[in-house]
Amino acid sequence: MANMSMTKHPMPEQDPQVRSGNFQEVALGYTREIAMEEAARCLHCKNAPCVSGCPVNVPIPDFIEALKTGDAEKAYGIIRSQNALPAICGRVCPQETQCESKCVRGIKGEPVGIGRLERYAADTAMASGSAGQAKPADTGRKAAVIGSGPAGLTCAGELAKAGWRVTIYEALHTAGGVLVYGIPEFRLPKALVRREIDTLRAMGVEIITNAVAGKAFTVDELLAEGYEAVFIGSGAGLPNFQKIPGESLCGVYSANEFLTRLNLMKAYTFPEHDTPIKIGSRVAVIGGGNVAMDAARCAKRLGAEVSIVYRRSEAEMPARKEEVHHAREEGIEFRMLTAPTAILGDENGFVKSMSCIRMELGEPDERGRRRPVPVAGSEYELPVETVIVAIGNSPNPLIKKTTPDLPTEKWGGIQADENGRTGKKNVYAGGDAVTGAATVILAMGAGKKAAAAILADHP
Amino acid sequence: MYPIIQKRVLNETVTLMKISAPMVARKAKPGQFIIFRIDEEGERVPLTIAGTDPEEGSVTIIFQKVGYTTEKLDTLEEGDALLDFVGPLGEPSHTEGIRRAAVIGGGLGVAIAYPQAKALHDAGAEVDLIVGFRNEHLIILEEELRAACTNLIIMTDDGSNGHKGFVTQALQAQIEAGREYDAVIAIGPLPMMKAVSEMTRPLGIKTIVSMNPIMIDGTGMCGGCRLTVGGETKFACVDGPDFDGHLVDFDEAMARGRMFRPEEAEARKKHLCRLTGEAR
C-alpha cells in the first residue's frame, strides 16, 4: 500500500546555527526507516516519467522498489548499472528540475524524494563495503580521458565497464575536478568523492595526476601513443570578472580561487594546511548561481557577515532553491536587484567597500529574463573587506591552442554533437568544456553518451 | 612522487635542486614554470624553470628561502621526494629574431635570467648579462653565467665586488656607451623590473619581463594570477608569465603581492619550531 503523504519526508539536517560555524555536511541523510517510508510514496508508474528526466537514465522506480523493503545494496546495484557516481548525484543533482519534476506524485503534492533515496542507497551500500565493482574482462582497447571531473569520471567508468583500459589525465594534484576544488565539503564530503574514485580504480581505471593537457602532452600525442579514443572533459576555465574598477585590489577573489583555496587546499584549517585565506569580517558575493551560494556559505563558515549581491530579483536567480534556502537559513543576506559599480580600496590596496546601485526589472531580454535597469540616484556604499566574484567562467584555452584541428565555438567551447563526437576523428568531448558552466549531472550525462559513442565507433 | 636527485646550496638563502620529473622535462622550454607541493598539507608554489635535462628526465629549480614553504623545501635532501610537481606551465619565452640582447637578473631572478641568456647565446645572439646581488657573498652561478653570455656584468648593492650600483645603472651605462639592443629581458623583483621598463620606455627598446604572481592551479582556473597589461586583464599562468614590460601595471602587481603577507608570516612563525626543532 502506497504511502499517500502529500509531502516528502524532510531531510534531517544540521541545525543552521550550528552548521554555519563548521564545514561538516549539512544534510545528514535518511535513516533506513525514513527511506522505506519515503520509498513507499513511489507508485512505480509503468511508463516511469521520472526516468525521462534523468540525464543518465537511472531506472528510478526499480531502485526505489528495492528500498521499499530496505534493500539498499540491491538498490545501489540498480543505480550503478546506469550511474557511475550515485553518492555524488544523490547530493548535488538538481532533482527538482530533472527526475522529480516528472514525478506523478508531484502533480498534487511533493514528488518522491528520489535524490534523497539515491543518496541513502549509495551511502548505505558504500558504508557496508559492498560497493566494490568486479574488474571487467580486459578487451585490450585503450582510451585516454582528459580531466577527472564528473564528465571524465563517468566516461572512464562506462568504458571500463566495457572492458577498456582507461587512463585519466588530471591537471591538479587530486582527482575529482569540480567535485574536489569547487563544491564545498559541507555539500559533498571529499572522503566520499575519494571512495567513488577508488571504485573506478578498482575497475582498472588509471589516474595520472599533475598532468596538464596542452602543456605536458597534446591530444595528438595521446592518439599517436596508441589511445584509440580521447575524451576531453576539461571543465570550465578562466573566471569572468565584471570589468568594474577595483577588481585587482587585495581582497577580491574569483569564486574559483576562493573555493579552490578552501576545498582543494583546505585553507579553512590554516595554518594546519599551508594555504592561507583572508576573509575579513564582511563579505560581498557577486552572482546568483550555485557557485555564488557555495562561496557565500563558505565565507559564513569562516565567521564573516555575508551578503549576496545579484542584479536581478530572486525569481531569476539560477541557483537551486534548496541552496538559496540553506544560505538564507544560515543567515546570509540577499541584496537583490543590486549591481556593483566599483570596488574601493584603502591606502594599502585592500578592499574597504563596494559601490552598488539599485536596479529594477525592465523588458525581457533575448532569453526571456527581464533585463535589470539601474535606478538613477540609488547608489550606495557597502562596507566589505572581501569581494567574491561568482559570475561564471570562460573556456580554458590550453587544449584549443595545441589542437588546431579541433573545431571550437566562437566563445571558445569545444564543438561536439549530442553524443560527444567532435569534428576531430577519435576525439570526443563533454561537460563544461563543451556547454560552458552547467551542472555535475549534465556533465555526467555527456560523459556517458560520449562513452557510448566511443564504443559504437570502435566495435 | 618526484625525487630530488641533486641539491646544491648556492648561497646562504638560495638553493638549487634537480627534480626527477620526466613528463615536465620532456616539454619544458625557457620561460615556463612549474608548481610544486611538498606534502599533503602543502601549498602549491610556482617556480620558474631554471633548466631541464630531457634525457635524464630532470628539471632544475632554484629557490630562495623567503617563506615557510621554501624554508621547508630547503630542509629536504637528495633522495627525498616532492609529493607534486606539475608543468611545464605558461608560455615559453618568445626570443626569436633577437640578435642583440641585454638580459637582466636581480637576486633570485638571476637563476631564471641564466637559462634565457644561455638560450639566446646558444642561438648565436650577442648577450650582455647584467646581474645584481646585495653583496658579493650572495653571488650565485658565476661560472655558468659567464659561459652563457658575451659580456657579464655583476653589480652589488654595497659595492663589495668592486661594482657598486643597481642593474638599471649598469644597463644605463651600457646604453650610454653606445650598446644597441633588440630587446631587454628583465627578471627579478617587481621594483627592479619596473625600473628597467621605465628606463627603456623612452628609448623605445622592447622589454620583456617575467611575472611571478600569487597563483594556485597555474592552468587557467583560479584567476588569482591576474594582472593588468595594457589596460586588459591577463592571467600570468596561461597568457604569461612573460609580458611586455612597458604595458604591465607594476604598482598593481606589487599591491596584489602583499595580499597574504601577514598570513605568510604567521605560517612561518607557527611552523619554525617544527622545522628546526627549537622553540622560538
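Residues numbered from 1 in each chain as written. Chains lettered and ligands numbered in written order. Predicted model: local features only at pLDDT ≥ 70, side-chain atom pairs only at ≥ 80, totals over all residues. Heavy atoms only, no water.

### Digging into the overall build of chain A
- The helix and strand tally for chain A stands at 18 helices and 14 strands.
- Seen along its three principal axes, the alpha-carbon backbone of chain A occupies a region of about 65 × 60 × 50 Å.
- Evaluated residue by residue, chain A yields a buried proportion of 58% over its 459 residues.
- In the structure as shown, chain A presents an accessible area of about 17,600 Å², 52% of it carried by carbon and sulfur atoms.
- With 53 positive and 54 negative side-chain charges, chain A shows a separation of 3 Å between the mean positions of the two kinds. (Helix = DSSP H or I, 4+ residues; strand = E, 2+ residues; numbered from the N terminus. Buried < 20%, exposed > 50% of the residue type's maximum accessible area, 1.4 Å probe, protein only. Areas by Shrake-Rupley, 256 points an atom, 1.4 Å probe, with all protein chains shown as cover. Lys, Arg positive; Asp, Glu negative; His and termini not counted. Charge placed at Lys NZ, Arg CZ, Asp CG, Glu CD.)

### Quick look at helix 9 (residues 150-161) of chain A
Residues and elements named next belong to chain A.
- The end-to-end C-alpha separation of helix 9 is 16 Å, in line with the 16 Å expected for 12 residues at 1.5 Å each.
- Judged by how many residues are buried, helix 9 sits mostly within the fold: 11 of 12 residues are covered.
- Close packing links the buried residues of helix 9 with strand 1 (142-146), strand 2 (165-169), helix 10 (178-181), helix 11 (190-202), strand 4 (229-232) and helix 18 (440-457).
- Looking one or two residues past helix 9, Gly163 carries a phi angle of roughly 90°, positive in sign. (Expected span 1.5 Å × (residues − 1). Contact = heavy atoms within 4.5 Å.)

### Section: the packing of helix 5 (residues 167-176) of chain B against helix 6 (residues 190-200) of chain B
Residue and element names in this part refer to chain B.
- At a minimum axis distance of 9 Å, the contact between helix 5 and helix 6 shows a crossing angle of 25°. Taken together, helix 5 and helix 6 sit at an angle that is classed as roughly parallel. Crossing hand, helix 5 versus helix 6: right-handed. Note on element contacts: helix 6 touches helix 5 through Met192, Ala195, Val196, Met199 and Thr200, opposite Val167, Thr168, Leu171, Gln172 and Ile175.
- Taken together, the residues of the contact of helix 5 with helix 6 sort by class into seven nonpolar, three polar and no charged. (Axes fitted to C-alpha atoms, helices over the stretch in contact; angles between N-to-C directions. Parallel < 35°, antiparallel > 145°, perpendicular 65-115°, else oblique. Left-handed = near helix turned anticlockwise from the far one by under 90°. Nonpolar A, V, L, I, M, F, W, Y, C, P; charged D, E, K, R; others polar.)

### Some thoughts on the pattern of salt bridges
- Within the structure shown, the criterion is met by 50 salt bridges over all chains.
- When the shortest N-O distance is used, the salt bridge between Arg91 of chain A and Glu25 of chain A registers 2.7 Å. Of the two residues, Arg91 of chain A is situated in helix 6 (residues 86-92) and Glu25 of chain A in the loop between helix 1 (16-19) and helix 2 (32-39); the sequence distance between them amounts to 66 residues.
- Residue Arg179 of chain B pairs with Asp128 of chain B through a salt bridge whose shortest N-O separation is 2.7 Å. (Salt bridge = Lys/Arg side-chain N within 4 Å of Asp/Glu carboxyl O.)

### Comments concerning the packing of aromatic side chains
Residues and elements named next belong to chain A.
- For the structure on display, the rule yields six aromatic pairs over all chains.
- Judged by centre distance (4.0 Å) and plane angle (10°), the rings of Phe23 and Tyr268 are stacked. Taken together, the residues Phe23 in the loop between helix 1 and helix 2 and Tyr268 in the loop between helix 13 (255-264) and strand 6 (282-286) connect sequence positions 245 residues apart.
- Given the relative accessible area of 26%, Tyr268 is considered partly exposed.
- Ring-pair connections join several aromatic residues into one group, and the members of that group are Phe23, Phe186 and Tyr268. (Phe/Tyr/Trp six-rings, centres within 6.5 Å; stacked < 30°, edge-to-face > 60°.)

### Examining the interface of chain B and chain A
- Each partner contributes residues to the interface: chain B has 48 residues there, and chain A has 46 residues.
- Of all residues in chain B, Met221, Arg226 and Met259 of chain B give up the largest surface area on contact with chain A, accounting jointly for 17% of the area buried on that side.
- Our count for the contact surface shared by chain B and chain A stands at four salt bridges.
- Where Glu263 of chain B meets Lys278 of chain A, a salt bridge forms, and the shortest distance between an N and an O atom there is 3.0 Å.
- Linking chain B to chain A there are 20 residue pairs in polar contact (both at pLDDT 80 or more).
- Among the secondary structure elements, those contributing two or more residues to the side of chain B that touches chain A are helix 1 (22-27), helix 2 (68-75), strand 8 (84-89), strand 14 (226-229), helix 8 (250-257) and helix 9 (261-276) of chain B.
- Its residues placed into classes, the side of chain B that touches chain A shows 19 nonpolar, 11 polar and 18 charged. (Buried area = accessible area lost by both parts, 1.4 Å probe. Polar contact = N/O pair within 3.5 Å; in protein donor to acceptor, adjacent residues only side chain to side chain.)

### Some points on the sheet that holds strand 8 (residues 333-335) of chain A
All names here are of chain A.
- With parallel pairing, the five strands of this open sheet are ordered in space as 5-13-6-7-8. Both outer strands of the open sheet, strand 5 (252-254) and strand 8, are each paired with one neighbouring strand and no more. Geometrically, the sheet is characterised by an average inter-axis angle of 20° between neighbouring strands, direction not taken into account.
- Seen against the sheet, helix 13 touches strand 5 and strand 13 (386-389) and runs at an angle of roughly 85° to strand 5.
- Across the sheet, helix 14 (residues 290-301) is in contact with strand 6, strand 7 (305-309), strand 8 and strand 13; its angle to strand 7 comes to roughly 165°. (Pairing = 2+ DSSP bridges.)

### Some words on unusual backbone geometry
All names here are of chain A.
- Going from Phe270 to Pro271, the amide bond is cis rather than trans, its omega being 5°.
- Residue position: Pro271 is located in the loop between helix 13 and strand 6.
- Of note in this structure, Ala48 is not a glycine but carries a positive phi near 40°.
- Mapped onto the elements, Ala48 comes out in the loop between helix 2 and helix 3 (49-52).
- Since its relative accessible area comes to 15%, Ala48 is described here as buried.

### Section: the sheet that holds strand 6 (residues 58-64) of chain B
Residues and elements named next belong to chain B.
- What the five strands build is an open sheet, ordered 5-6-2-1-7; its pairing is antiparallel. Each end of this open sheet is capped by a strand with a single partner; those strands are strand 5 (51-53) and strand 7 (81-82).
- Pairing of strand 5 with strand 6 involves three bridges; the strand directions are antiparallel. Its bridge partner being in strand 6, Thr52 is matched across the sheet by Val59.
- Strand contacts of helix 2: strand 1 (2-9), strand 2 (14-20), strand 6 and strand 7, with the helix running at about 125° to strand 6, the strand carrying the most contacts.

### Here we look at the confidence of the model for chain B
Residue and element names in this part refer to chain B.
- On average, residues of chain B carry a pLDDT of 91, and 96% of them reach 70 or more.
- The lowest-confidence element of chain B is helix 9, averaging 71 in pLDDT; the highest-confidence one is strand 7, averaging 97.
- In the predicted assembly, ipTM is 0.90 and pTM is 0.91. (pLDDT = per-residue confidence, 0-100.)

### A short note on the nonpolar core
- With 80 residues, the main nonpolar core has Ile60, Phe63, Ile64, Leu67, Ile88 and Leu117 of chain A as its most contacted residues.
- Per-element tally for this core: the top contributor is helix 18 of chain A, with eight residues. (Core = buried A, V, L, I, M, F, W, Y, C linked by side-chain atoms within 4.5 Å.)

### Thoughts on the environment of Gly412 of chain A
All names here are of chain A.
- On the secondary structure map, Gly412 appears in the loop between helix 16 (398-402) and strand 14 (427-429).
- We classify Gly412 as buried; its relative accessible area is 12%.
- Separated by 12 residues in the primary sequence, Gly412 and Lys400 place their C-alpha atoms 7.8 Å from one another.
- In contact with Gly412, not counting residues within four places along its chain, are Pro395 and Lys400.

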